[in-house]
Amino acid sequence: MIHLNTAGAGLVPAEVRQTMAEVLDREAATGCYETEAFLDGIVNDEVYRRLARALDAPVADVALFDSATRAWCAVVPRLSLGPGDRVWVTPYEYAGNLISLFNLRDRTGCVIEVVPTLPGGDLDLEWMAAHIADDVALVSVTHIPSGCGIVNPVEEIGRLLAPYRCFYAVDACQSIGQLPVSVARIGCQLLTGAGRKFLRGPRGTAFAYVAPELRAALVPEFHDLHVARIDSAAGYRIDDHSARSLELAERGTAAVAGLNTALTLFEEGTPFDHKEVFRALRATVEDIPGVELIAPGTEQSGILSFRHPDAEAGTVMARLAEQRVNVWKIVGHHTPLYMAERGVETAVRVSAHYYNTLEEIEIFGRALRGVVGVRT
Ligand SMILES: Cc1ncc(COP(=O)(O)O)c(C=O)c1O
């Protein structure tokens, strides 16, 4: 099997699977709460330290969630905005984040503005520099979107925004594990990501970095019992003001322990050294007559999307699957501001990671040529 769908979910390493299986076995043999207590040092300490190192963030500012959307929704809807506030998004914003922003707009009267792009698809940083002002309350930038491989210059944008009042949110779902991600260098106050993609963690794992000043600015909504305690008939007190105060108490121990193992492998590995495979992937797809690449921007990652006039994306995916090659059919409305506006309803997304080899890319290329009817 050739897995070219890490942008959906990466292949879980044997060690991660092993950790999860051991946790489940232990839970069945000794009890779930008892297993959690046994693994307390890992699931309540080590995994946070590893995550903090992976993000270059203070450990008190990272929290775990069961999806990146849940991480986003634990923070963004609680921003205290009003009609005078502007929120900037880019055309590469993820649809789920946008839905929550639309609700925030409808509730608070804030205005959402879309940062324009240059003709090649790069974000117009000059426009940003010219228009940023203190009525911009939030700027949201997706590091790498889910529908195409552009790498947005999140560090440069962070420097540009630094003197201003706005909070800066970065969606690192598709970049964490694929590119170096440092919240210290980016200068953001919120960064969300998923464990299951390029970090190769289990499904149902995700995280956020939430800076103390952003946590302090959130409208209180709910605190679960791992951090809060009702100490009178009238109210409660919070014992832990770290980013973990944004979490819910209940989690899957196997998933959290599995993420810890994935983070361990991430720290020990060299996951950033796979540019050759990316280049081969692009060259392979580009070489096919009739292919239309959906690859805006000058800097590209291991994600590549394309369409072919003779083969609908779902058919390409199914026919490649018959040959044991995993790619994915993406839908434009998941990255609506870019894709839907350009009339891209569906496309094939191919995403490579360090476990993909040049030989696999060659096999994929041959299979793809067969599917779209190109003679080799
Ligand atoms: C860029 C981006 N942001 C957010 C998400 C949402 O992640 P989750 O499914 O964990 O909520 C995804 C999922 O693919 C994504 O690609």
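## Observations concerning the overall build of the protein
Line of reasoning, step 1. Regarding its fold elements, the protein presents 13 helices and 15 strands.
Line of reasoning, step 2. For 376 residues, the compact-globule estimate of 2.2 N^0.38 gives 21 Å, and the C-alpha radius of gyration of the protein, at 21 Å, lies within 12% of that figure.
Line of reasoning, step 3. Its C-alpha atoms give the protein principal-axis dimensions of roughly 75 × 60 × 30 Å.
Line of reasoning, step 4. Evaluated residue by residue, the protein yields a buried proportion of 55% over its 376 residues.

## Comments concerning the environment of Val136
Line of reasoning, step 1. Its place among the elements puts Val136 in strand 5 (residues 136-142).
Line of reasoning, step 2. With 224 residues separating them in the primary sequence, Val136 and Glu360 have C-alpha atoms 46 Å apart.

## A look at helix 5 (residues 95-108)
Line of reasoning, step 1. If you check helix 5, its first and last C-alpha atoms are 20 Å apart, about what 14 residues at 1.5 Å a residue would give, namely 20 Å.
Line of reasoning, step 2. Those residues of helix 5 that fall on the buried side of the exposure criterion are Ala95, Gly96, Asn97, Leu98, Ser100, Leu101, Leu104 and Thr108.
Line of reasoning, step 3. On its buried face, helix 5 is in contact with helix 4 (68-73), strand 3 (86-89), strand 4 (111-114), strand 5 and strand 6 (167-171).
Line of reasoning, step 4. One or two positions beyond helix 5, positive phi appears at Gly109, with a value near 85 degrees.

## What about the pattern of salt bridges?
Where charged atoms of side chains with opposite charge meet at close range, the side chains can pair.
Line of reasoning, step 1. Under the counting rule described, the total for this entry stands at 19 salt bridges.
Line of reasoning, step 2. A salt bridge links Arg86 to Asp135; the shortest N-O distance between them is 3.0 Å. Residue Arg86 is found in strand 3, and its partner Asp135 is found in the loop between helix 6 (125-131) and strand 5; the two are separated by 49 residues along the sequence.
Line of reasoning, step 3. Note that Glu292 is salt-bridged to Arg307, the shortest N-O span being 3.1 Å. Taken together, the residues span a long stretch of sequence, with Glu292 in strand 11 (residues 292-294) and Arg307 in strand 12 (residues 303-307) at a distance of 15 residues.
Line of reasoning, step 4. Glu292 sits in the partly exposed class, given a relative accessible area of 37%.
Line of reasoning, step 5. Several salt bridges share partner residues, and in doing so they unite Glu46, Arg50, Arg53 and Glu267 into one network.

## Looking at the pairing of strand 12
Line of reasoning, step 1. Of all 5 residues in strand 12, 4 are buried; the element is thus mostly enclosed.
Line of reasoning, step 2. Judged from the 3 bridges that link them, strand 11 and strand 12 form a sheet pairing that is antiparallel. Residue Ile294 lies in a different strand from strand 12, and its bridge partner there is Ser305.

## Details of the packing of aromatic side chains
Line of reasoning, step 1. Applying the stated criterion across every chain, the model contains 3 aromatic pairs.
Line of reasoning, step 2. Geometry around Phe38 places Arg26 over its ring, the cationic atom sitting 3.5 Å from the centre.

## Re unusual backbone geometry
Line of reasoning, step 1. Unusually for a residue other than glycine, Asp56 sits at a positive phi of about 60 degrees.
Line of reasoning, step 2. Of note, Asp56 is situated in the loop between helix 3 (40-55) and strand 2 (62-65).
Line of reasoning, step 3. Residue classification places Asp56 among the partly exposed positions, given a relative accessible area of 40%.

## A look at the domain arrangement of the protein
Line of reasoning, step 1. Here the domain parsing of the protein yields domain 1 (2-9 + 272-371) and domain 2 (14-268).
Line of reasoning, step 2. Carbon and sulfur atoms make up 59% of the area that domain 1 and domain 2 hide from each other, which totals about 2400 Å².
Line of reasoning, step 3. Where domain 1 touches domain 2, the interface holds 0 salt bridges.
Line of reasoning, step 4. Put simply, domain 1 and domain 2 have 15 residue pairs in polar contact (both at pLDDT 80 or more) between them.
Line of reasoning, step 5. Breaking the side of domain 1 that touches domain 2 down by element, the ones donating at least two residues are strand 12 and strand 15 (346-351).
Line of reasoning, step 6. A breakdown of the residues in the side of domain 1 that touches domain 2 according to their chemical character gives 15 nonpolar, 14 polar and 3 charged.

Definitions and limits used
- Each chain has its residues counted from 1, running along the sequence as written.
- Under the rules for a predicted model, residues below a pLDDT of 70 receive no local features and side-chain atom pairs below 80 are neither given nor counted, while totals for whole chains, interfaces and linings still include all residues.
- Hydrogens and water molecules were not included; the side-chain quantities draw on all heavy atoms of the structure.
- Helix and strand definitions follow DSSP, with helices as H or I runs of at least four residues and strands as E runs of at least two, each counted in order from the N terminus.
- We compute the radius of gyration over the C-alpha atoms and compare it with the globule rule, which gives 2.2 Å times the number of residues raised to the power 0.38.
- Remark: exposure states derive from per-residue accessible area (1.4 Å probe, protein chains only) relative to the maximum for the residue type, with buried under 20%, exposed over 50%, and partly exposed in between.
- In a helix, the anticipated span is given by 1.5 Å times the number of residues less one.
- In this analysis, two residues are considered to be in contact whenever any of their non-hydrogen atoms come within 4.5 Å of each other.
- Basic side-chain nitrogens of Lys or Arg form a salt bridge, by our definition, when they fall within 4 Å of a carboxyl oxygen of Asp or Glu.
- For two strands to be treated as a pair, DSSP must find no fewer than two bridges joining them.
- Any two rings among Phe, Tyr and Trp, with Trp reduced to its six-membered ring, count as a pair given centres within 6.5 Å; such a pair is stacked if its planes are under 30 degrees apart, edge-to-face if over 60, and tilted if neither.
- Only lysine NZ and arginine CZ atoms are considered, and such an atom sits over a ring when it is within 6 Å of the ring centre and within 35 degrees of the ring normal.
- The domain boundaries here were taken from an automatic or database domain assignment.
- Simply put, the buried area is the total loss of 1.4 Å probe accessible area from both parts when two parts are fitted together.
- N or O atoms within 3.5 Å of each other form a polar contact, as long as, within protein, one can give a hydrogen and the other can take it, and as long as residues adjacent in sequence are counted only when both atoms are side-chain atoms.
- When residues are grouped by polarity, Ala, Val, Leu, Ile, Met, Phe, Trp, Tyr, Cys and Pro land in nonpolar, Asp, Glu, Lys and Arg in charged, and all others, Gly among them, in polar.

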